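Notes for the structure review
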Amino acid sequence: GENVEQHPSTLSVQEGDSAVIKCTYSDSASNYFPWYKQELGKRPQLIIDIRSNVGEKKDQRIAVTLNKTAKHFSLHITETQPEDSAVYFCAASKSGGATNKLIFGTGTLLAVQP
Amino acid sequence: EPEVTQTPSHQVTQMGQEVILRCVPISNHLYFYWYRQILGQKVEFLVSFYNNEISEKSEIFDDQFSVERPDGSNFTLKIRSTKLEDSAMYFCASRTGGATDTQYFGPGTRLTVL
C-alpha cells in the first residue's frame, strides 16, 4: 500500500548548523512531494514542494532534493534559527488525479538550540 | 491572504454522541479534504470531496463518518456515534484544482471523546 517513511523522528542542532530530514515513498506513481511545518497546536503550513520532473528546488534557506529512482526525497535547512523549531512532515501525492490525497510521513521534531 | 477556517476549535463529547465539525474552505477552491491527527502521530487522510461527491475515502472513513457541502461555503464532517478512538485533531484542507497541487490546511478541531 501507499506509505511514506521519514527519518529521523527527532533532530537537535545548534543554531547556525544545517538540518537534513529524509523521506522514502513506496508508490512509484507519486509525483508531488510537499513539506509541511507544524508548530505546536497549529495547522500544518506548506514550506516547500517539488514535482517529479525536477531534481532539486531551493527557497532561501530551504531546499528539497528528489531521487525518483531510489524513491527518496530530502529537506535541507541551512543556517538554522530557533524559529525553525517545529515538527516537519513530508508527504507524497499523485498529482492530476481526482483526489491528490496526501500520504504523510511520521514527522520529525526539529529542535534548534540557541 | 485567504485561509481555511474551522469551527469549533475544540469539541468535547460523550461516547456515542453525534458531532459535526465545520470547515469553510478558501472561496475559489474546488477540492476539499478531511485529515485527522491522533496526538503525537502523523496526519492521516480521511476523505476527499469534489463536485459534490466523495472522490476517495480511507479505511478509517467507515459508515460512522459522512461529509457534506450543504451550501456554497461550508464543508462538514459528521461522526454519527463517536468512539473513544475518534479523539484526535481533525484538519480540513482545500485546493484550487487544475495544475495546482498545494493543499491549504485549516487550524483544526480538537475532538475529545469521553
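Below, the structure is looked at part by part. Residue positions are given per chain, counted from 1 along the sequence in the order it is written. Each chain gets a letter, beginning with A, and each ligand a number, beginning with 1, in the order they are written. The predicted origin of the model limits local features to residues at a pLDDT of at least 70 and limits the giving and counting of side-chain atom pairs to 80 or more, whereas totals for whole chains, interfaces and linings rest on all residues. Each side-chain value is derived from all of the structure's non-hydrogen atoms; neither hydrogens nor water enter the calculation.

Focus: the interface of chain A and chain B
Facing 22 residues of chain A, the contacting portion of chain B comprises 22 residues. Buried area, as used here, totals the accessible surface that two parts lose on assembly, with accessibility defined by a 1.4 Å probe and the loss added over both. Ranking the residues of chain A by area buried against chain B places R43, T99 and F104 of chain A at the top, with a combined share of 32%. Salt bridge criterion: a side-chain nitrogen from Lys or Arg within 4 Å of a carboxyl oxygen from Asp or Glu. On the surface where chain A and chain B come into contact, there are three salt bridges. Between E3 of chain B and R43 of chain A there is a salt bridge, and its shortest N-O distance comes to 3.6 Å. Polar contacts, as used here, are pairs of N or O atoms within 3.5 Å; protein pairs need one atom able to donate a hydrogen and one able to accept it. Residues neighboring in sequence count only if both atoms are side-chain atoms. Counting across the interface, chain A meets chain B through 13 residue pairs in polar contact (both at pLDDT 80 or more). Among the secondary structure elements, those contributing two or more residues to the side of chain A that touches chain B are β4 (32-38) and β5 (45-51) of chain A. Any two residues whose heavy atoms approach within 4.5 Å at even a single point are treated as in contact. By the criteria applied, helices consist of DSSP H or I runs no shorter than four residues and strands consist of E runs no shorter than two, each listed in order from the N terminus.

Thoughts on the side chain of D84 of chain A
Residue position: D84 of chain A is located in the loop between β8 (72-77) and β9 (86-92). The residues contacting D84 of chain A, other than those within four sequence positions of it, are K37, R61, I77, E79, L110 and V112 of chain A.

Here's the deal with the state of the cysteines
Criterion for a disulfide: a pair of cysteine sulfur atoms at a distance within 2.5 Å. Per the stated rule, a full pass over the model turns up two disulfides over all chains. Each disulfide pairs two cysteine sulfurs, and for C23 of chain A the partner residue is C90 of chain A, the sulfurs being separated by 2.0 Å. Looking along the S-S bond of the C23 of chain A-C90 of chain A disulfide, the torsion reads about -100°, which is the left-handed sense. Of this pair, C23 of chain A sits in strand β3 (residues 19-25) while C90 of chain A sits in strand β9; the two residues are 67 residues apart in sequence, bridging distant segments of the chain. Across the disulfide from C23 of chain B sits C92 of chain B; the S-S distance is 2.0 Å. Where C23 of chain B bonds to C92 of chain B through sulfur, the torsion about that S-S bond is close to -60°, and the disulfide is left-handed. With a gap of 69 residues between them, C23 of chain B in strand β3 (residues 19-24) and C92 of chain B in strand β9 (residues 88-95) connect regions that are remote in the sequence. Each residue is assigned to one of three classes by its accessible area relative to the maximum for its type, calculated with a 1.4 Å probe on protein chains only: buried under 20%, partly exposed between the two thresholds, exposed over 50%. Residue classification places C23 of chain B among the buried positions, given a relative accessible area of 1%.

Quick word on the sheet that holds β3 of chain B
Residues and elements named next belong to chain B. Here, any two strands with at least 2 DSSP bridges between them count as paired. As summarised here, the arrangement of the four strands in space is β1-β3-β8-β7, forming an open sheet in which the pairing is antiparallel. Edge positions in the sheet fall to β1 (5-7) and β7 (65-68), since each has one partner strand and no second. Taken over all neighbouring pairs, the strand axes of this sheet differ in orientation by 20° on average, direction set aside. Strand direction decides the pairing type here: β1 and β3, joined by three bridges, are antiparallel. Along β3, the bridge assignment pairs Q6 with C23. Axis geometry follows a simple rule: fit a line to the C-alpha atoms, using only the stretch in contact for helices, then measure angles between N-to-C directions, giving values from 0 to 180 degrees.

Examining the packing of aromatic side chains
Here the aromatic set is Phe, Tyr and Trp, taking the six-membered ring for Trp, and pairing holds for ring centres within 6.5 Å; pairs whose planes are under 30 degrees apart are stacked, those over 60 apart are edge-to-face, and all others are tilted. Counting across every chain of the model gives 18 aromatic pairs over all chains. Seen from their ring centres, Y35 of chain B and F45 of chain B are 5.8 Å apart, and the 70° between their planes marks the pair as edge-to-face. Note that Y35 of chain B is positioned in strand β4 (residues 31-37) and F45 of chain B in strand β5 (residues 43-50), a separation of ten residues in sequence. Accessibility expressed as a relative area gives 0% for Y35 of chain B, which makes it buried. Exposure remark for F45 of chain B: the relative accessible area of 6% places this residue in the buried category. Chaining the aromatic ring pairs together yields one cluster made of Y36, F89 and F104 of chain A together with Y33, Y35, F45, F91 and F105 of chain B.

Overview of the pattern of salt bridges
Under the defined criterion, the tally for this structure stands at ten salt bridges over all chains. In this structure, the salt-bridge partner of K94 of chain A is E2 of chain A, at a minimum N-O distance of 3.4 Å. You can see K94 of chain A sitting in the loop between β9 and β10 (103-104) and its partner E2 of chain A sitting in the segment before β1 (4-7), a full 92 residues away along the chain. Taking relative accessible area as the criterion, K94 of chain A reaches 36% and is therefore assigned partly exposed. We classify E2 of chain A as partly exposed; its relative accessible area is 34%. Residues joined by salt bridges that share partners form a network here, namely E2, D27, K94 and K101 of chain A together with E56 of chain B.

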